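Per-entry structural report
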Amino acid sequence: MNQISPLSYIHPEAVLGDNNVIGPFCYIDRNTVIGDNNILQNSVTINYGARIGNGNEIFPGASLSTKPQDLKFKGEDTTCVIGDNNSIRENVTISRGTASKGTTKVGNNNLLMENMHVAHDCVLGNNLIIGNSTKFAGEVVVDDFAIISATCLIHQFCHIGGFVMFQGGSRTSQDIPPYILAGKEPIRYAGINKIGLRRRGYTVEQIDMIHEAYRLLYSKGILAEGIEEIKNHLPLTPEIQYIIDFVSSSQRGIIR
């Protein structure tokens, strides 16, 4: 049975699962679907097009599936899809998609801290930690297990690799390849995220091989030559292949 405050508003066409808690002054629009075991604290807004999974906790002032802040948006029927077991803290805003991709996606087991923003058509993976007041512009992609610290600015279309540690107060208009520390001003490669990788069960041998891959990659002025060096000197383990694929497919170029 859902526990719904009489001070909240739920549109008759909204679809709610079971065992949800809807606090006072919440607003749930039409064309929304909410799964089971979610907690919406007071003053949460669930806008048109939201698709919310199970076990999420959404804190006061959050607004999900908001109208995109994109002048090209012409009212097309788009969605914002949020997975399971996310903690979405106070005043977080997540826009729904545009005609470009049609949806904004947030995966599972993420912590989105207070006042951060996810713009239209972003794709956020799983097990992310996103710090207070960090802002993602449109169509940013973030792979699993990345940590983005507070007050960071991410340019539209950027891709942030998995297991990255991104320094607080930084900004980027280029892609951040996986497994690294990214920081300083202007932002640049600052080594391997050794502590994060150890915490996730990576062995010393795996970490050393990742470090060697980046040494080879950055030893060349042209990234394509660095990729060839990696292929020639290192076994193509899943970690090394991930680095190669990420760099090879980068549209904005990677930080140096």
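Heads up: the structure comes first, above all this text.
First, a word on what this report is: a plain description of the structure on this page. All figures in this text were calculated on a predicted structure; none of them were measured in a lab.

Attention now moves to the environment of phenylalanine 59. In this fold, phenylalanine 59 is placed in the loop between β10 (57–58) and β11 (63–66). Classification of phenylalanine 59 by relative accessible area gives buried; the value is 9%. Sequence separation between phenylalanine 59 and isoleucine 39 is 20 residues; the distance between their C-alpha atoms is 8.3 Å. Setting aside anything within four residues of it in sequence, one finds phenylalanine 59 in contact with Gln41, Val44, Ser87, Ile88, Arg89 and Glu90.

In space, the 11 strands of this open sheet follow the order β1-β4-β7-β10-β13-β16-β19-β22-β25-β27-β28, with mixed pairing throughout. Among the strands making up the open sheet, the edge pair consists of β1 (3–4) and β28 (188–192). For strand β19 (residues 129–130) and strand β22 (residues 147–148), the ladder comprises 2 bridges, and the chain directions are parallel. Across the sheet, the residue bridging to isoleucine 129 is isoleucine 147, located in β22. Contacts from helix α2 (residues 204–218) reach β27 (180–183) and β28 within the one sheet, and its direction differs from that of β28 by about 150 degrees.

Sheet topology note: the strand β12 (residues 79–82)/strand β15 (residues 103–106) ladder contains 4 bridges and is parallel. Bridge pairing links cysteine 80 to threonine 104 in β15. Summarising the sheet, β15 and strand β18 (residues 123–124) pair through 2 bridges and their orientation is parallel. The partner of valine 106 across the bridge, within β18, is leucine 124.

With the rule as written, the count across this model stands at 9 aromatic pairs. Judged by centre distance (5.7 Å) and plane angle (20 degrees), the rings of phenylalanine 163 and tyrosine 179 are stacked. One end of the pair, phenylalanine 163, is in the loop between β24 (159–160) and β25 (165–166); the other, tyrosine 179, is in the loop between β26 (171–172) and β27, with 16 residues separating them in the sequence. Like phenylalanine 163, the residue tyrosine 179 is buried in the burial classification. With centroids separated by 6.0 Å and ring planes inclined at 25 degrees, the aromatic side chains of tyrosine 214 and tyrosine 218 adopt a geometry described as stacked. One end of the pair, tyrosine 214, and the other, tyrosine 218, are both in helix α2, 4 residues apart, so they sit about a helical turn from each other. Through a chain of ring-to-ring contacts, three or more aromatic side chains come together here, namely Phe145, Phe163, Tyr179, Tyr202 and Tyr242. One Lys or Arg, arginine 89, reaches over the ring of phenylalanine 59 and ends 3.8 Å from the middle of that ring.

Before going further, it helps to examine the packing of helix α3 (residues 223–233) against helix α4 (residues 238–249). A pair of packed helices is captured by two measures, namely the crossing angle of their axes and the spacing between those axes. The contact between α3 and α4 brings their axes to 11 Å, and the two run at 165 degrees. On the basis of their axis angle, the class for α3 and α4 is roughly antiparallel. The element α3 and its partner α4 pack so that their crossing is left-handed. Between α3, through Leu223, Ile227, Ile230 and Lys231, and α4, the contact on the second element is made entirely by Ile240, Ile244, Val247 and Ser248. A per-class count over the contact of α3 with α4 returns 6 nonpolar, 1 polar and 1 charged.

What follows is about the environment of histidine 233. Position of histidine 233 among the secondary structure elements: in helix α3. Polar side-chain contacts of histidine 233 include one of 2.9 Å to the backbone oxygen of glutamate 229.

Working note: non-glycine residues mostly have negative phi, and peptide bonds are mostly trans. Following glutamate 185, the chain continues into proline 186 via a peptide bond in cis, with omega recorded as 0 degrees. Secondary-structure assignment places proline 186 in the loop between β27 and β28. Phi at asparagine 19 takes a positive value of approximately 65 degrees, unusual for a residue other than glycine. By secondary structure assignment, the location of asparagine 19 is in the loop between β3 (15–16) and β4 (21–22). Judged by relative accessible area, which is 39%, asparagine 19 ranks as partly exposed. In this structure, threonine 151 is a non-glycine residue whose phi angle is positive, near 50 degrees. Inspection of the secondary structure puts threonine 151 in the loop between β22 and β23 (153–154). Taking relative accessible area as the criterion, threonine 151 reaches 45% and is therefore assigned partly exposed.

Cut-offs and rules
- Residues numbered from 1 in each chain as written.
- Predicted model: local features only at pLDDT ≥ 70, side-chain atom pairs only at ≥ 80, totals over all residues.
- Heavy atoms only, no water.
- Helix = DSSP H or I, 4+ residues; strand = E, 2+ residues; numbered from the N terminus.
- Buried < 20%, exposed > 50% of the residue type's maximum accessible area, 1.4 Å probe, protein only.
- Contact = heavy atoms within 4.5 Å.
- Pairing = 2+ DSSP bridges.
- Axes fitted to C-alpha atoms, helices over the stretch in contact; angles between N-to-C directions.
- Phe/Tyr/Trp six-rings, centres within 6.5 Å; stacked < 30°, edge-to-face > 60°.
- Lys NZ or Arg CZ within 6 Å of the ring centre and 35° of its normal.
- Parallel < 35°, antiparallel > 145°, perpendicular 65-115°, else oblique.
- Left-handed = near helix turned anticlockwise from the far one by under 90°.
- Nonpolar A, V, L, I, M, F, W, Y, C, P; charged D, E, K, R; others polar.
- Polar contact = N/O pair within 3.5 Å; in protein donor to acceptor, adjacent residues only side chain to side chain.

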